[in-house]
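# What the coordinates show
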Amino acid sequence: MSRRRRVYEGKAKILYEGPEPGTLIQHFKDDATAFNAQKKDTIDGKGVLNNRISEYIFTRLNEIGIPTHFIRSLNMREQLVREVEIIPVEVVVRNIAAGSICKRMGLEEGTPLPRSIIEFFYKKDELNDPMISEEHITAFGWATPQEIDDMMALTLRINDYLTGLFYGVGIKLVDFKVEFGRLFEGDQMRILLADEISPDNCRLWDVETNKKLDKDRFRQDLGGMVDAYQEVARRLGILFENDPDNRPGPTLVKSD
Ligand code: TMP
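Another point: the site of the ligand. In the vicinity of the ligand, 13 residues are found, and the nearest of them are Arg-94, Ser-100, Asp-175, Asn-201 and Arg-203. Within the side chain of Ser-100, an N or O atom sits 2.6 Å from an oxygen atom of the ligand. Listing elements by their share of the shell around the ligand, those giving two or more residues are β9 (89–96), β12 (171–185) and β14 (202–206). Per-element accounting of the shell around the ligand gives the leading share, three residues, to β12. Its residues assigned to classes, the shell around the ligand shows four nonpolar, three polar and six charged.

Generally speaking, nonpolar side chains in soluble globular proteins are found buried as a group. Counting residues in hydrophobic clusters, the biggest one holds 49 residues, and the most contacted among them are Leu-162, Phe-166, Phe-180 and Ile-197. Among the elements that make up this core, the one with the highest residue count is helix α4 (residues 145–167) (seven residues). Residues within four places of Leu-162 in sequence aside, it is in contact with Ile-57, Leu-61, Leu-173 and Ile-197.

It is worth spelling out helix α1 (residues 46–63) at this point. With 18 residues, α1 extends 26 Å between its outermost C-alpha atoms, agreeing within 8% with the 26 Å of an ideal straight helix rising 1.5 Å per residue. Burial analysis of α1 places 15 of its 18 residues in the buried class, the great majority of the element. Gly-65 occupies a position one or two residues after α1 and carries a positive phi of about 90 degrees.

Next up on the list: the sheet that holds strand β3 (residues 23–28). Pairing in this open sheet of five strands is antiparallel, and the strands run β1-β2-β3-β7-β6 from one edge to the other. This sheet does not close on itself; its edge strands, each paired only once, are β1 (6–9) and β6 (70–73). Taken pair by pair, the neighbouring strands of this sheet meet at an average axis angle of 25 degrees, ignoring direction. Contacts from α1 reach β3, β6 and β7 (78–82) within the one sheet, and its direction differs from that of β6 by about 130 degrees.

Attention now goes to the packing of aromatic side chains. Inspection of the entire model under this criterion finds two aromatic pairs. Between Tyr-122 and Trp-142 the ring centres are 3.9 Å apart and the planes differ by 15 degrees, which places this aromatic pair in the stacked class. One end of the pair, Tyr-122, is in strand β10 (residues 112–122); the other, Trp-142, is in the loop between α3 (134–139) and α4, and 20 residues separate them in sequence. For Trp-142, a relative accessible area of 15% translates into the label buried. Each member of the aromatic cluster is reached from another via a ring pair, and the members are Tyr-122, Phe-140 and Trp-142. In this arrangement the basic side chain of Arg-4 is found over the ring face of Tyr-16, its NZ or CZ atom lying 4.1 Å from the centre. The ring of Phe-218 has Lys-39 lying over it, and the distance from NZ or CZ to the ring centre is 4.9 Å.

Per the stated rule, a full pass over the model turns up zero disulfides. Cysteine Cys-102 is unpaired, with the sulfur of Cys-202 as its nearest cysteine sulfur at 17 Å. The exposure class of Cys-202 is buried, given its relative accessible area of 2%.

A separate point is the pattern of salt bridges. Under the defined criterion, the tally for this structure stands at 30 salt bridges. Across the pair Arg-104 and Glu-119 runs a salt bridge, and its minimum N-O distance is 3.0 Å. Taken together, the residues span a long stretch of sequence, with Arg-104 in helix α2 (residues 100–105) and Glu-119 in strand β10 at a distance of 15 residues. Among the residues examined, Arg-104 registers a relative accessible area of 35% and is labelled partly exposed. Residue Glu-119 is classed as buried on the basis of its relative accessible area of 4%. Arg-190 is the salt-bridge partner of Glu-185, the closest N and O atoms lying 3.2 Å from each other. Looking at Arg-190, the relative accessible area reads 37%, which means it is partly exposed. By sharing partners, the salt bridges in this structure join Arg-94, Arg-104, Glu-119, Asp-175, Arg-203, Asp-216 and Arg-219 into a single network.

Cut-off values and rules
- Residues numbered from 1 in each chain as written.
- Predicted model: local features only at pLDDT ≥ 70, side-chain atom pairs only at ≥ 80, totals over all residues.
- Heavy atoms only, no water.
- Near = heavy atom within 4 Å.
- Polar contact = N/O pair within 3.5 Å; in protein donor to acceptor, adjacent residues only side chain to side chain.
- Helix = DSSP H or I, 4+ residues; strand = E, 2+ residues; numbered from the N terminus.
- Nonpolar A, V, L, I, M, F, W, Y, C, P; charged D, E, K, R; others polar.
- Core = buried A, V, L, I, M, F, W, Y, C linked by side-chain atoms within 4.5 Å.
- Buried < 20%, exposed > 50% of the residue type's maximum accessible area, 1.4 Å probe, protein only.
- Contact = heavy atoms within 4.5 Å.
- Expected span 1.5 Å × (residues − 1).
- Pairing = 2+ DSSP bridges.
- Axes fitted to C-alpha atoms, helices over the stretch in contact; angles between N-to-C directions.
- Phe/Tyr/Trp six-rings, centres within 6.5 Å; stacked < 30°, edge-to-face > 60°.
- Lys NZ or Arg CZ within 6 Å of the ring centre and 35° of its normal.
- Disulfide = S-S within 2.5 Å.
- Salt bridge = Lys/Arg side-chain N within 4 Å of Asp/Glu carboxyl O.

What follows is the structure in structure tokens.
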């Protein structure tokens, strides 16, 4: 591969300089981490699946008018995206209690929430991404009140759309995390959905059995992480291109 300038390396992805100004290449690694990288492993095939699933979801979201950084897929592990200034706030939306909200609020996993709840976390590994309020975001200047409103409105639209999309393939969207970035065009600025949406940053449960089809399989040592991600891709109807066992058979080319 040609030498490209690495702009940023995170736990699951690398960003390289893109072919044109204002673009980046987002590369999905096979690395899996949890609990702020205290738990680490390499899961063969995870990057390819997350690239495919995130590409599919961002494409659908673009189609319904959610502005995103996604431009196009480049190969099995990489996509071309717009370079944005990432807002250092992780926006989580929850429909069913799971993960950290259970500990914080003393809820049993699986309890439906009275309505979808948005939470904010400060994106700062050194501090373990602490939970924050709108007050912290505006006081420390991480985003303006208008930007917070925009992020919340977009997140709720994404939640409504994805809840339906996943429900249609027998999956409950329990919760997910998104990140946004600022795109500057002349003297205009707008907010775009950035990062990725994949089973790494969603909780996805089978509608019938509540089987976990997401990164909790890794966090909780349940095993079968790639199988679960493949199952998500298969149900979304996007697996066959990457699955050697599932490719359409060879086509007979007639010579006469
Ligand atoms: P939590 O229950 O651990 O707060 O996670 C809520 C959602 O956010 C869940 O779908 C997993 C996702 N998430 C990330 O994408 N990155 C993170 O660093 C954390 C802690 C959670």
